[in-house]
Amino acid sequence: MSVAQIQESTSSNQANADAELAVAASLGAASRALRAGARAPLFTLADASGRKVVLEHLLDAGPVVLHFFRGPWCSFGEESLAEFATIHQKVVELGASAVAIAPFAPFAPPFEATAESVPMPMRELRDIDMKVARAYGLAFNLPAGLRPRYEALGYVPPPTGRAGTWLVPLPATYLVDRDGIVALAFIDVDYRRHVEPGSLLTALTALQARHDSPRRAARL
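Residues numbered from 1 in each chain as written. Predicted model: local features only at pLDDT ≥ 70, side-chain atom pairs only at ≥ 80, totals over all residues. Heavy atoms only, no water.

Trainee: Outline the overall build of the protein, listing residues and values.
Mentor: Counting its regular elements, the protein contains seven helices and nine strands. Summed over its atoms, the accessible surface of the protein is roughly 11600 Å², and 55% of this surface lies on carbon and sulfur atoms. (Helix = DSSP H or I, 4+ residues; strand = E, 2+ residues; numbered from the N terminus. Areas by Shrake-Rupley, 256 points an atom, 1.4 Å probe, with all protein chains shown as cover.)

Trainee: Could you give an account of the sheet that holds strand S5 (residues 123–128), with specific residues and numbers?
Mentor: Neighbouring strands of a sheet are bound in pairs by backbone hydrogen bonds; such pairs are parallel or else antiparallel. Here we have seven strands laid out as an open sheet, ordered S2-S1-S5-S4-S3-S8-S9, and mixed in their pairing. Each edge of the open sheet is held by one strand with a lone partner, namely strand S2 (52–54) and strand S9 (182–187). Sheet twist, expressed as the average angle between the axes of neighbouring strands with direction ignored, equals 30°. With five bridges joining them, strand S8 (residues 172–176) and S9 adopt antiparallel strand pairing. (Pairing = 2+ DSSP bridges. Axes fitted to C-alpha atoms, helices over the stretch in contact; angles between N-to-C directions.)

Trainee: Could you give me a rundown of the pattern of salt bridges, with the residues and numbers involved?
Mentor: Under the defined criterion, the tally for this structure stands at six salt bridges. Residue arginine 123 pairs with aspartate 47 through a salt bridge whose shortest N-O separation is 2.8 Å. Of this pair, arginine 123 sits in strand S5 while aspartate 47 sits in strand S1 (residues 44–47); the two residues are 76 residues apart in sequence, bridging distant segments of the chain. Overall, the relative accessible area of 35% leaves arginine 123 in the partly exposed class. (Salt bridge = Lys/Arg side-chain N within 4 Å of Asp/Glu carboxyl O. Buried < 20%, exposed > 50% of the residue type's maximum accessible area, 1.4 Å probe, protein only.)

Trainee: Requested: an account of unusual backbone geometry, with residues and values cited.
Mentor: Among all residues except glycine, the phi angle is most often negative; among peptide bonds, the trans geometry is most common. At aspartate 129, a position not held by glycine, the phi torsion is positive, near 65°. When you line up the elements, aspartate 129 lands in the loop between S5 and helix H5 (131–135). Judged by relative accessible area, which is 28%, aspartate 129 ranks as partly exposed.

Trainee: Provide a residue-level description of the nonpolar core, including the pertinent values.
Mentor: The biggest cluster of nonpolar side chains holds 40 residues, and the ones touching the most others in it are Phe43, Leu66, Tyr136, Leu138 and Tyr174. Once residues lying within four places of it in the same chain are set aside, the contact partners of tyrosine 174 are Ala33, Leu34, Val64, Val65, Leu66, Phe68, Tyr136, Leu138, Val182, Leu184, Ala185 and Ile187. (Core = buried A, V, L, I, M, F, W, Y, C linked by side-chain atoms within 4.5 Å. Contact = heavy atoms within 4.5 Å.)

Trainee: Could you give an account of the environment of proline 159, with specific residues and numbers?
Mentor: The topology assignment puts proline 159 in the loop between helix H6 (147–153) and strand S7 (167–169). Counting along the chain gives 29 residues from proline 159 to methionine 130, while the straight-line C-alpha distance between them is 9.1 Å.

Trainee: Tell me what's going on with the packing of aromatic side chains, and back it up with residues and numbers.
Mentor: The full count for this structure, using the stated rule, is eight aromatic pairs. Plain terms: the ring middles of phenylalanine 68 and tyrosine 174 are 6.1 Å apart, the flat faces sit at 85° to each other, and that makes the pair edge-to-face. One end of the pair, phenylalanine 68, is in strand S3 (residues 64–68); the other, tyrosine 174, is in strand S8, with 106 residues separating them in the sequence. Note on phenylalanine 68: relative accessible area 4%, which makes it buried. A ring pair is formed by tyrosine 150 and tyrosine 155, whose centres lie 6.4 Å apart and whose planes are at 80°; its orientation type is edge-to-face. According to the relative accessible area criterion, tyrosine 155 is buried, its value standing at 4%. Taken together, the aromatic side chains of Trp73, Tyr150, Tyr155 and Trp166 make up a single cluster linked through ring pairs. (Phe/Tyr/Trp six-rings, centres within 6.5 Å; stacked < 30°, edge-to-face > 60°.)

Trainee: Pulling in residues and values, what's your account of the side chain of aspartate 47?
Mentor: For aspartate 47, a relative accessible area of 6% gives the class buried. Only 2.8 Å separates the side chain of aspartate 47 from the side chain of serine 49, close enough to count as a polar contact. Setting aside residues up to four positions removed in sequence, aspartate 47 forms contacts with Arg123, Glu124, Leu125 and Arg126. (Polar contact = N/O pair within 3.5 Å; in protein donor to acceptor, adjacent residues only side chain to side chain.)

Trainee: Tell me about helix H3 (residues 75–85), residues and numbers included.
Mentor: Looking only at H3, the buried set comprises Gly77, Ser80, Leu81 and Phe84. Within H3, the buried residues cover an arc of 100° as seen down the axis, which keeps them to one side. (Arc of directions from axis to C-beta.)

Trainee: Could you give an account of the environment of alanine 38, with specific residues and numbers?
Mentor: You can see alanine 38 is positioned in the loop between helix H1 (3–32) and S1. When the C-alpha atoms of alanine 38 and valine 182 are compared, they prove to be 5.6 Å apart, with 144 residues separating the residues in sequence. Apart from the residues within four sequence positions on either side, alanine 38 is in contact with Gly180, Ile181 and Val182.

Trainee: Tell me about the pairing of strand S4 (residues 97–104), and please be specific about residues and values.
Mentor: As paired elements, S3 and S4 share five bridges and run parallel to each other. Counted as the bridge partner of valine 64 is serine 97 from S4. Note: S4 against S5, six bridges, orientation parallel. Bridge pairing links isoleucine 101 to leucine 125 in S5.

Laid out in structure tokens, this is it:
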């Protein structure tokens, strides 16, 4: 094995070890996260251009997919966005809208787009202080031993005003019906995994069929 291969293997093993530690730290948060059948907390967030997005207004037009990801510093989060991009048009055709939600720290260094960057078909909303993530139960305090690793990746935790608190988001995807009730919730403490596109489309198709049935019955 070459030196480069040894270094790559060591780096991979360290990444897996870090992931396992983060998984253990996030288990408590995952057990308290919002689940299917619950009412989704309403929110208003701004996108990168400062335009406000109001969840209640989105729901007036139909179901909404909320995709909470860790931010552009996390390659696994970027992969989940790239995968969602492949089904975004189908989501729209099924009468739904979608937004991506990630933490935002005003003092964090800007992330530059690269040739590998995937254009996001949905608006990215800036969850300052992780207030929405916390409302959905998707925030946990990262152990001190892991913080240097996250800082090296470019993560800047939001200020909370509580000494010793170092919040990290838990990735999740929610499908919220137009009545504000969560129809599908995907929360996995292993941030390397994300919702299966097929499962999301199946759930959305079922919602559409349920809402179309009364309209068809009224025409008979």
